[in-house]
Amino acid sequence: MCNIRKALWYQMRKDLLLFVATIMALIIPSCIVFMDTGFEKMSGGMSAVAVSEFFPMIAYYYLFLVVPKIFGGDFKDKVLNYEVLGGHNRKDVFGVRAGMALVFPISVLIISFVIPIGITTALHGFGGNITLKELVILYGMFVCTMIRFAVECMLITMLVGSSLMGQIFTCIGEEMMMLPVVIVGGFEDEIKGGYFSALFRMTSVLNFNNCRTGYYNGEDIVQFIIKPDAFAWFMDSAGALCIASLLLFITYRIFRKKNL
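Before going into details, it helps to say that this report is about the structure given with it. (Residues numbered from 1 in each chain as written. Predicted model: local features only at pLDDT ≥ 70, side-chain atom pairs only at ≥ 80, totals over all residues. Heavy atoms only, no water.)

Some remarks on the overall build of the protein chain
From N to C terminus, the protein chain includes 11 helices and two strands. Taken from the N to the C terminus, the helices and strands of the protein chain come in the order α-α-α-α-α-α-α-α-α-α-β-β-α. Across the 260 residues that make up the protein chain, the buried fraction comes to 46%. Sequence separation of 24 or more characterises 76% of the internal contacts of the protein chain that already satisfy a separation of 6 or more. (Helix = DSSP H or I, 4+ residues; strand = E, 2+ residues; numbered from the N terminus. Buried < 20%, exposed > 50% of the residue type's maximum accessible area, 1.4 Å probe, protein only. Contact = heavy atoms within 4.5 Å.)

Here it is as structure tokens:
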């Protein structure tokens, strides 16, 4: 497995698309915060809210570009066949690719979100706009949805046998899944919409539209209201992970039977 991981990591370091997409994903959230007109007084909590307005789209585009590239960028070159013929079993080959396709892009996205929050918190404190506990819970749910979407990308890439076609069909499929959200549930129905579209669910999780004027450290501030419902949060995250597990199992079964 170590040799497979090293070979895949070498391919990733040499891939221009991965390099450019990763750099953009890392710097865009920070640019959003630093270019804000209120940056000089922006708290860590407020910077999290500012980034969250754009972060679902950043995560969506980064995942559907990068995950198929990592998981199946060399499908056409028959590298999988060479790895199996070289003595590696299919379980190890699949495990390394799936693991890298999940861990690397999601880690990049977490880092890209934490950087501006960490900088503004160090400069101006976290503030009272939102509690750190609520922010951690929301982004925990967001990470679960990202995992689900990343596995969807892997499944589609496995079915079409090409990273480029995987990117195209993932994008088309996600747009098609948005139609039932609009027709059946409507954009106000967050729970129903989340099971149709990962993009819609990511956007719904990071929704800070509910706010009020509050008082913090002697001044009026905007406080964002996150209604705590531990059971709903748990079920939402568990549902996303269950769907991801099922799709990952299906992807593995297809991989086991596929002619490499």
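Next comes the rest of the account.
A few points about the packing of aromatic side chains
Enumeration over the complete set of coordinates arrives at 13 aromatic pairs. Both rings, one in Phe55 and one in Phe113, keep their centres 5.5 Å apart while their planes meet at 50°; by these two values the pair is tilted. Of the two residues, Phe55 is situated in helix α4 (residues 55-72) and Phe113 in helix α6 (residues 90-124); the sequence distance between them amounts to 58 residues. For the residue pair Phe55 and Phe113, the accessibility class agrees, reading buried in each case. Each ring, one from Tyr60 and one from Phe64, has its centre 5.4 Å from the other, and the planes form 45°; the classification is tilted. Pair noted here: Tyr60 and Phe64 are both in helix α4, with a separation of four residues, about one helical turn. Judged by its relative accessible area of 1%, Tyr60 is buried. Three or more aromatic residues link up through ring pairs in this structure, and these residues are Phe55, Phe113, Tyr139 and Phe142. (Phe/Tyr/Trp six-rings, centres within 6.5 Å; stacked < 30°, edge-to-face > 60°.)

Considerations on a positive patch on the surface
A grouping of Lys91, Arg253, Arg256 and Lys257 is seen on the molecular surface, where their side chains present a positively charged patch. Broken down by element, the residue count for the positive patch peaks at three residues, all from helix α11 (residues 230-257). Relative to the elements of secondary structure, Arg253 occurs in helix α11. (Patch = residues over 30% accessible without salt bridge, like charges linked within 9 Å, V, L, I, M, F, W, Y side chains within 5 Å. Areas by Shrake-Rupley, 256 points an atom, 1.4 Å probe, with all protein chains shown as cover. Salt bridge = Lys/Arg side-chain N within 4 Å of Asp/Glu carboxyl O. Lys, Arg positive; Asp, Glu negative; His and termini not counted. Charge placed at Lys NZ, Arg CZ, Asp CG, Glu CD.)

Details of the side chain of Thr170
The residue Thr170 is located in helix α8 (residues 163-185) in this model. For Thr170, a relative accessible area of 3% puts it in the buried group. In terms of polar contacts, Thr170 uses its side chain to reach the backbone carbonyl oxygen of Gly166, at 2.6 Å. In this view, Thr170 contacts Phe64, Phe149, Cys153 and Ile156; residues no more than four positions away in its chain are not counted. (Polar contact = N/O pair within 3.5 Å; in protein donor to acceptor, adjacent residues only side chain to side chain.)

Notes on helix α1 (residues 2-14)
In this model α1 runs 19 Å from its N-terminal to its C-terminal C-alpha over 13 residues, within 8% of the 18 Å that 1.5 Å per residue would give. Taken together, the buried positions of α1 are occupied by Ile4, Leu8 and Met12. The buried residues of α1 all sit within an arc of 70° when viewed along its axis, so they share a single face. For α1, the exposed residues lying more than 90 degrees away from the buried face are Asn3, Lys6, Arg13 and Lys14. (Expected span 1.5 Å × (residues − 1). Arc of directions from axis to C-beta.)

A closer look at the packing of helix α2 (residues 16-34) against α4
Two elements in contact, α2 and α4, have axes separated by 10 Å at closest approach and are oriented at 165°. Compared by their axis directions, α2 and α4 come out roughly antiparallel. For the pair α2 and α4, the sense of crossing is left-handed. Taken together, the residues of α4 that come into contact with α2 (itself represented by Leu17, Leu18, Ala21, Thr22, Ala25, Ile28, Pro29 and Ile32) are Phe55, Ile58, Tyr62, Leu65, Val66, Lys69 and Ile70. (Axes fitted to C-alpha atoms, helices over the stretch in contact; angles between N-to-C directions. Parallel < 35°, antiparallel > 145°, perpendicular 65-115°, else oblique. Left-handed = near helix turned anticlockwise from the far one by under 90°.)

Examining the packing of helix α3 (residues 44-52) against α6
Running from N to C, α3 and α6 cross one another at 150°; their axes reach a closest spacing of 8 Å. As summarised for this structure, α3 and α6 are arranged roughly antiparallel, according to the angle between their axes. For α3 against α6, the interelement crossing comes out right-handed. Listed contacts from α6 to Gly44, Ser47, Ala48, Val51 and Ser52 of α3 are Phe113, Pro116, Ile117, Thr120 and Thr121. In terms of residue class, the contact of α3 with α6 is built from five nonpolar, five polar and no charged. (Nonpolar A, V, L, I, M, F, W, Y, C, P; charged D, E, K, R; others polar.)

A few points about a nonpolar patch on the surface
A cluster of nonpolar side chains, Leu159, Val160, Leu164, Met165, Ile168, Phe169, Ile172 and Met176, forms an exposed patch at the surface whose accessible area comes to about 710 Å². Elements that contribute at least two residues to the nonpolar patch include exactly α7 (132-160) and α8. With six residues, the single largest contributor to the nonpolar patch is α8. You can see Ile172 is positioned in helix α8.

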